[in-house]
Amino acid sequence: MTGEPRERVRSRTIVIRQGSAWQSLTFLCLCLSLLALVMLGQDALRRLDAQNLEASVTLSRVERKVQQLESGMSFDSTRRQLLLGMRNTS
């Protein structure tokens, strides 16, 4: 081998740095806070849906009672007109 002598290869060490404990703890707290916020929002939406359903049921009851009153009034009005008509012809 008449070529140039090979240089001695130095070994390289790769250092992997890990984050400190406070960074992991901060990330965990951030994730837990986000989860709590989502759960609170879901609970608020569930309560709003329950209130909306209750309001719809109440409104349908009121509409039904108003229709009953209107039908009774129109019946009384028709009956009164017939009675007055009978009285006028007598």
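Remember, predicted model here, so these are calculated numbers, not experimental data.

Calculation rules
Residues numbered from 1 in each chain as written. Predicted model: local features only at pLDDT ≥ 70, side-chain atom pairs only at ≥ 80, totals over all residues. Heavy atoms only, no water. Helix = DSSP H or I, 4+ residues; strand = E, 2+ residues; numbered from the N terminus. Buried < 20%, exposed > 50% of the residue type's maximum accessible area, 1.4 Å probe, protein only. Areas by Shrake-Rupley, 256 points an atom, 1.4 Å probe, with all protein chains shown as cover. Disulfide = S-S within 2.5 Å. Salt bridge = Lys/Arg side-chain N within 4 Å of Asp/Glu carboxyl O.

### Considerations on the overall build of the protein chain
Line of reasoning, step 1. The secondary structure content of the protein chain amounts to one helix and zero strands.
Line of reasoning, step 2. When each of the 90 residues of the protein chain is scored for burial, the buried share is 0%.
Line of reasoning, step 3. As presented, the protein chain carries roughly 9700 Å² of accessible surface, and 60% of it is formed by carbon and sulfur atoms.

### A closer look at the state of the cysteines
Line of reasoning, step 1. As enumerated under the stated definition, the model contains zero disulfides in all.
Line of reasoning, step 2. C29 carries a free sulfur, and the closest cysteine sulfur to it, the one in C31, is 9.4 Å from it.
Line of reasoning, step 3. C31 gets classed as partly exposed once you look at its relative accessible area, which sits at 35%.

### Some details on the pattern of salt bridges
Line of reasoning, step 1. If you walk through the whole model with that rule in mind, you get two salt bridges.
Line of reasoning, step 2. Of the charged contacts, one joins D43 and R47 as a salt bridge, the two residues approaching to 3.2 Å between their closest N and O atoms. Of this pair, D43 and R47 both sit in helix 1 (residues 21–89), four residues apart, which is roughly one turn of the helix.
Line of reasoning, step 3. Taking the relative accessible area as the measure of exposure, D43 reaches 27% and is therefore partly exposed.
Line of reasoning, step 4. Residue R47 is classed as partly exposed on the basis of its relative accessible area of 46%.
Line of reasoning, step 5. Several salt bridges converge on common partners, so that one network encompasses D43, R46 and R47.

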